[in-house]
Amino acid sequence: MTIPIATSADIATARQAGRDCAIGLGFSPTDVTMISTAISEVARNITSYAGHGEIRLTIADVQARRALVVHAQDQGPGIPDTVAALEHAAGSGRRLGLGLPGARRLMDGLVLESELGQGTLVEMWKWIPVRARR
């Protein structure tokens, strides 16, 4: 499922889509909240820094385990220092302050790729609970 992101309403749509998907996959209520919050954070980064992009939700094998995978992609200005971006939530004064570091803590894994002038891709995942796969 792909959700275009350009406005605050799109952030809410992406958050709800992630929530619905996570519930359908059998995640616990706590995990559902963590997933939807992480999606909100990366979607808000798209509207705040790139203007527009997309969130894509898929189910895939990650590190030999089934996972709900979230791709957040834009063609914005890029992130000059991806290491620093994952260490602290720069510019987060108007938000919850989670940013990319928070999204990384909420999910089981996160990979950040960015090229100046070309855009940013955040891939994050949460492993599907074993009990849900039975």
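A brief structural summary.

Criteria and thresholds
Residues numbered from 1 in each chain as written. Predicted model: local features only at pLDDT ≥ 70, side-chain atom pairs only at ≥ 80, totals over all residues. Heavy atoms only, no water. Pairing = 2+ DSSP bridges. Helix = DSSP H or I, 4+ residues; strand = E, 2+ residues; numbered from the N terminus. Core = buried A, V, L, I, M, F, W, Y, C linked by side-chain atoms within 4.5 Å. Buried < 20%, exposed > 50% of the residue type's maximum accessible area, 1.4 Å probe, protein only. Contact = heavy atoms within 4.5 Å. Axes fitted to C-alpha atoms, helices over the stretch in contact; angles between N-to-C directions. Parallel < 35°, antiparallel > 145°, perpendicular 65-115°, else oblique. Left-handed = near helix turned anticlockwise from the far one by under 90°. Nonpolar A, V, L, I, M, F, W, Y, C, P; charged D, E, K, R; others polar.

Turning next to the pairing of strand 4 (residues 109-115). Sheet topology places strand 4 next to strand 5 (residues 119-127); 7 bridges connect them, and they run antiparallel. Each bridged residue has a counterpart across the sheet, and for Gly109 the counterpart in strand 5 is Trp125.

Residues Phe27, Ile39, Val42, Ile55 and Met124 are the most contacted members of the largest nonpolar core, which totals 31 residues. With 7 residues, the single largest contributor to this core is helix 2 (residues 29-50). Discounting residues that sit within four places of it in the chain, Phe27 has contacts with Ala22, Val32, Ile35, Leu68, Lys126, Trp127, Ile128 and Pro129. Val62, Ala67, Val69 and Trp127 belong to the second-largest nonpolar core, a separate cluster that totals 5 residues.

When two helices pack together, their arrangement is given by the angle between their axes and by how far apart the axes lie. Helix 4 (residues 99-106) packs onto helix 2 with a crossing angle of 155° between their chain directions and a minimal axis gap of 9 Å. Accordingly, the angle class assigned to the pair helix 2 and helix 4 is roughly antiparallel. Seen along the crossing, helix 2 lies across helix 4 with a hand that is left-handed. Across the interface between the two elements, Met34, Thr37, Ala38, Glu41, Val42 and Asn45 of helix 2 pack against Gly99, Leu100, Ala103 and Leu106 of helix 4. By residue class, the composition of the contact of helix 2 with helix 4 is 6 nonpolar, 3 polar and 1 charged.

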